[in-house]
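In case you want the letters, here they are:
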Amino acid sequence: MPATVFRQLIFTISRWGMFYMGTVNQASRFLMQASLGANRSTIEQLADMGPEAWLQRQLNAKAPEAGKFQRNTEQIWHYFRGELLNAHGKSALDGDGNNPALPYKWYFHMAWWQDALSEQEHLLRQRVAQALSELLVISDNSSLELDAIGMASFYDLLYENAFGSYADLLYAVSMHPCMGVYLSHMNNQKAVPAKNIHPDENYAREIMQLFSIGLFMLNPDGSLQRDEQGNSIPSYHNRDIRELARVFTGLTAESYRYEWSNRFWSSSYNGQPVGFDDGVESSYKTVPFVNMRKPMVGHESHHDRGRKELLDGFIKLPGGQSVSEEVREVVDRLVAHPNTAPFVAKHLIQQMVTSNPSGDYIAAVAEKFGARGDLAATIQEVLSYPLRNSVNDTKYPAQREEDGRSLQPQKLKSPLLRLTQILRAFNASNRSGHLWLIGDDIQEAVQQHPLSASTVFNFYKPDFVPQGMLKDIAEVAPEFEIHTSATSIAYVNLMYYWFFGKYLPGVSTEINQTDNIQNAPELNPDYLNNVEQNKLRLDFSEEIQIARNPERHDELIDRMSELLLGKRQADIKPAIREAFQSYRFNPEWVVQTIAFMLTISPEFTVLEV
Amino acid sequence: MLKNLTRRQFVQGSMAAGLAATAAPTFALPAVGNQNPPPLNIDQGKRALVCIMLDGGNDSYNMLVPHSPSHYREYAQSRGNLALAKDSLLPLNNFRDRDGREFALHPSMPEVAELFEQEKLSFVANIAPLIEPTSKQAFLDRSARVPLGLLSHADQFKHWQTSRPDIRVQQGWFGYFADAIQAQKKADQIPMNISLAGSNIMQNGRHSTHYSITGTGSVGLVVNEEESDLNREILRSFETILNTSYSGDPFKQTYLSITREAQLQHRKFSEAVEKISLPIEFSRSDLSQQLSKVAQCIAASEELGLPQQTYFLRYIGWDHHDELLANQARMLSVLSKAMGEFQQALELMGLSEQVLSFTGSDFGRTLTSNGNGSDHGWGGHCMVMGDAVKGGKVLGQYPALSLGDDNPLDVGGGVLIPTLPTDVLFAQLSMWFGVKEQDIPMLFPNLHNFSGLSNEPWPRLDLLKS
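All residue numbers refer to positions counted from 1 along the written sequence of the respective chain. Throughout, the order in which chains and ligands are written sets their labels, letters from A for the former and numbers from 1 for the latter. Under the rules for a predicted model, residues below a pLDDT of 70 receive no local features and side-chain atom pairs below 80 are neither given nor counted, while totals for whole chains, interfaces and linings still include all residues.

Visitor: I tried to follow the overall build of chain A on my own but got confused; where do I start?
Guide: A run of H or I in DSSP counts as a helix once it spans at least four residues, and a run of E counts as a strand once it spans at least two, with each numbered from the N terminus. Tallying secondary structure elements over chain A gives 25 helices and 8 strands in all. The reference for a compact globule is 2.2 Å times residues^0.38; the radius of gyration itself is calculated from the C-alpha atoms. Against the globule reference of 25 Å for 609 residues, chain A gives a C-alpha radius of gyration of 26 Å, in line with a compact fold. Burial analysis of chain A (609 residues in total) assigns 56% to the buried set. Sequence separation of at least 24 residues holds for 71% of the intrachain contacts in chain A that already meet a minimum separation of 6. Each residue is classed by its C-beta neighbour count within 10 Å, where at least 20 other C-beta atoms makes it buried, 12 or fewer makes it exposed, and intermediate counts make it partly exposed; the C-beta atoms are placed from backbone geometry. What counts as a contact is two residues whose backbone-derived C-beta atoms lie within 7 Å of each other.

Laid out in structure tokens, this is it:
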């Protein structure tokens, strides 16, 4: 081979190698935005095909069969019921007391984690559903904890409409019994002036404030409109809420449904329609005595059928329509309101990419959202805009260059997303194949778990500003609201337990071992930790293989940095190298130390884009 | 070399490193929208303020109910199916307001009723964040300046913490205390503002922040618990990361400084607090457990080096649009029990003179029913408890509970305009805490809008002994 050709070839390979390295880092960071976490092979696949093509493929993939979370939750619940029956006989399922056989919240947690850790195809859909769950909030921190299957069917709405129309999604959410219970428009009825009874205003308020138009009039770029005095302009007034509350009247659960027979409940009630005046006490017209999976149904005799007008005539309902017709029309109008596109755009951007999006970025995404709320186009823009443009107008001194692209820190990853990223990066699995994480241990430590916010305002508010440098430069950072002196150390402890201690998140497939059964699944971490087949394990086999050779330790740090940080050369690399010097011939400890130090470092917890 | 150090020396050594690393970062971008801090003068003294926020909007018209016959009738008529039966209520004897109104408490609050009788607790009626005195006419024709985001949880909950309903700020009055008292705070010193509810605005100052603990105490590193070579190395690795500098990176610096200070403060905190034993056993409710921790902290104030402290607690779940009667009864019972236990413990520990506790809530609720609950309102009632309180009173003006044109405060559906701004209560609590009277208007700049209501620069409540 002539020398020139040889040199050319070497040059090409090294160029390609550098390029490839750059794209692997980029792919890794991209997947931190677009998925719940990715292992090496997913990252390499994306690096090969490029983010745009990956996005297309994800958005166009055939949707999974409908009702996945409900089905899985139900199966898990049935499994535990079966175990109870085997162990304690039918008396464990029937009885007047606090029945352990209710579909309690854990079964949805289990189904959620099974999906979060094992799904390999619909990664974007999975991530968008999670992001939407922090916008259209319901929570098992309420009576909904008694119906995991209802909650799962609500999550199915988010999952199945993730690339659909926001208007369709918001309609389905508004009619879902879980939202009806959580924001109390289920069993709400038209005014009875003689008794000073007015319609419940809860949902009317929150559908505007939190799910669509927000509190203040917005420009298309998400900035606040101002009046002549420079004040922000409210998007609605209390009279609008009162007017809208009249729409959400006359809705009940579809039918009665309770899971066992006892002194006060006969199985013959199940399947009977719920009526306002059917003689059943009102406390039985809600969870856990009604069907929480089927959409709520309207009762026109209790629906206010008068004409309604709100938002200065932006919404006008002629009257004489059914509750479902009116809800549909209201939702369509709210989604078409000029505020909703920038409002939802900003939420999704803050969830996935940056806490402080530029006006141009919000406007670009809002334009794709359009008047119907095209979520596929919206998500595509949320994730592809950053490939072409900078996303935040404020430049931090820490900005850096990579392959001619500027990068800077954009947001604190929420603790939940940190944990899913780690578990997915190292292919968390167990022998039984039942990845039924209880979730309580995670929630206790980091104050976050899907569908479990403390209020409808989510785990953190979009305008939260922590003390310190971010406050000085007037940037928001929502996720810092749950990064406190308590949770910051609790997170480090969690990483210590995961990588050095014996404890990964608890997985339960066994029924409660104590005599006094309060709940069906065993929840005691010490017990669970001794059930070998369920114990969660992280797959460090390749890493340990590399760690056996101390000369490859630098390479190992780089490799794990690429996976976890989206950056080959971590600033803390010298510190990591130093950390395991005294036990560098113990390959397991070396790998554990690298994982521990990377995951607690701010280079991991802060997302760079 | 490291191996020769004891763990204690090691931790102290790393604390010193931590201090060095918290030196101010070198870059600065222009600060936007920050108010200048009020240069407060605060007298020193042993004082603790405990704020219990009832998150969601307590329906306080069913907590403190008018009991004299004509007033009860008015109550029962407006509240319809939400009205509590008269004979179920706990009458509060020996007090009658200037309209001759007598009062009773929700049946699930016997402990609070007893505290009222013992004159250790008073109510403040129809109070809420307010910018200026607001008449119904001025409200309806929109000539009055009213709080931003009226009737919405997020804003009203915030306004209770800032008492600045005219603007949206990220600082609260407890935070300003700390800016003055702990102006020179070192990183390992524990903040005087202690939260059992995580992040909040009330305890944020311009520079100061809160210290977050849980009902079981502060959270420390588990690596510290067990001595082993590996654990020592891991701890060292952790400290190294804490002390890495990411100057010019506001996200990473903020992440690290919160984590670093938590690590520095935990040991000191837990050593001082955990050895304090409590004279009574508190109930198992989260609120009781949190208040038991507060009692321990107050008892440890000397060792913590915190003669003055504030506490922020948040009892969530009062948004009773639905199933009001059952849910509020359950939660008021938890609240009443917890307050009774807290006061009792403080008395037995000899601390009750130096503690004032008060409740707040997003807003009162509509007098009218939505069938099964009530909706967002505005004015409501709160409680103030402690030995320093002139107890057994209902202060402020308890409103008429009639509806519509009959009631000069009803702006629709029984949403009542408050007649007392939170500023007035907070000013009094602040002065008790040590803030000089002349500095109060800096802390609560809207107070002067209410000067017309009394002969003083701002209205006073007859709330505290001397």
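Visitor: Hey, could you run me through the overall build of chain B in this one?
Guide: Counting its secondary structure elements, chain B contains 13 helices and 12 strands. For chain B, whose C-alpha radius of gyration is 24 Å, the value lies close to the compact-globule estimate of 23 Å for 466 residues. The dimensions of chain B, computed from C-alpha atoms along their principal axes, are 80 × 50 × 45 Å. Taking all 466 residues of chain B together, 56% fall into the buried category.

Visitor: Got a minute to help me understand helix 8 (residues 250–273) of chain B in this structure?
Guide: It helps to recall that an α-helix has 3.6 residues per turn; residues three or four apart then point in one direction. Residues and elements named next belong to chain B. One less than the number of residues in a helix, times 1.5 Å, gives the span that helix is expected to have. Over its 24 residues, helix 8 extends 33 Å from the first C-alpha to the last, a length consistent with the 34 Å expected when each residue adds 1.5 Å. For a residue, the bend is simply the angle between two axes, fitted respectively to the seven-residue segment ending there and the seven-residue segment starting there. In helix 8, a bend of some 35° at Q265 exceeds every other bend along the element. Counting buried residues along helix 8, 20 of its 24 residues qualify, which places the element largely inside the surrounding structure.

Visitor: It is not clear to me how the interface of chain B and chain A should be interpreted in this structure. Could you clarify?
Guide: By a widely used convention, the size of an interface equals the accessible area lost when the partners come together. The interface is formed by 69 residues belonging to chain B together with 66 residues belonging to chain A. Looking at the side of chain B that touches chain A, the elements that each hand over two or more residues are helix 5 (153–162), strand 7 (211–212), helix 7 (229–242) and helix 8 of chain B. For the side of chain B that touches chain A, the element with the highest residue contribution is helix 8 of chain B, accounting for 15 residues. Only Asp, Glu, Lys and Arg are considered charged in this grouping, and only Ala, Val, Leu, Ile, Met, Phe, Trp, Tyr, Cys and Pro are considered nonpolar; every other residue, Gly among them, is considered polar. Here the residues of the side of chain B that touches chain A are counted per class, giving 27 nonpolar, 35 polar and 7 charged.

Visitor: What should I look at first to understand the nonpolar core in this one?
Guide: One recurring pattern in soluble globular proteins: nonpolar side chains tend to sit buried together. We call a set of buried Ala, Val, Leu, Ile, Met, Phe, Trp, Tyr and Cys residues a nonpolar core when their C-beta atoms link them within 7 Å. Within the largest apolar cluster, 318 residues are counted, with the highest numbers of intra-cluster contacts made by M151, V365 and I594 of chain A together with C51 and L313 of chain B. Of all the elements, helix 19 (residues 485–499) of chain A adds the most residues to this core, at 10 residues. Ignoring any residue separated from it by four or fewer positions in sequence, one finds I594 of chain A in contact with L556, I557, M560 and I576 of chain A.

Visitor: Mind showing me how you'd approach unusual backbone geometry here?
Guide: Comment: phi is negative for the bulk of residues other than glycine, and the bulk of peptide bonds are trans. Residue and element names in this part refer to chain A. Each neighbour pair has its own omega, and for V287 with P288 the value is 5°, a cis peptide bond. Considering the arrangement of structural elements, one finds P288 in the loop between strand 1 (251–252) and strand 2 (297–298). Not every positive phi belongs to a glycine, and S184 is a case in point at roughly 60°. Since 26 C-beta atoms lie within 10 Å of it, S184 is described here as buried. Of note, the phi angle at L311 is positive, near 55°, even though the residue is not glycine. With respect to the secondary-structure elements, L311 resides in the loop between strand 3 (308–310) and strand 4 (315–317).

Visitor: Quick question: what am I supposed to make of the packing of helix 13 (residues 340–352) of chain A against helix 14 (residues 359–369) of chain A here?
Guide: Pairs of packed helices are described in terms of their axes, by the angle between the two and the distance that separates them. Residue and element names in this part refer to chain A. Taken N-terminus to C-terminus, the directions of helix 13 and helix 14 make an angle of 115°; their axes are 8 Å apart at the nearest point. In this structure, the crossing between helix 13 and helix 14 has a hand that is right-handed. Side by side, helix 13 and helix 14 meet where A341, P342, V344, A345, K346 and I349 of the first sit next to Y361, I362, V365, A366 and F369 of the second. Considered class by class, the residues forming the contact of helix 13 with helix 14 number 10 nonpolar, no polar and 1 charged. To get an axis, fit a line to the C-alpha atoms, keeping to the stretch in contact for a helix; angles then go from 0 to 180 degrees between the N-to-C directions. Handedness of each helix crossing follows the sense of rotation of the near helix against the far helix: counterclockwise by less than a right angle gives left-handed, clockwise gives right-handed.

Visitor: Can you help me understand the sheet that holds strand 4 (residues 103–105) of chain B in this one?
Guide: Consider a sheet: its strands pair through backbone hydrogen bonds, and that pairing is either parallel or antiparallel. Residue and element names in this part refer to chain B. The criterion for strand pairing is that DSSP finds at least two bridges linking the strands in question. Sheet architecture is open: 3 strands sit in the order 2-4-3, paired in antiparallel fashion. Across the chains shown, the open sheet's two edge strands, defined by having one partner strand only, are strand 2 (64–66) and strand 3 (90–92). Averaged over all adjacent pairs, the angle separating strand axes in this sheet is 40°, with direction ignored. The sheet contact formed by strand 2 and strand 4 spans 3 bridges and is antiparallel. If you follow L64 over to strand 4, its bridge partner there is L105. Contacting strand 3 and strand 4, helix 3 (residues 110–117) runs over the sheet at an angle of about 15° to strand 3.

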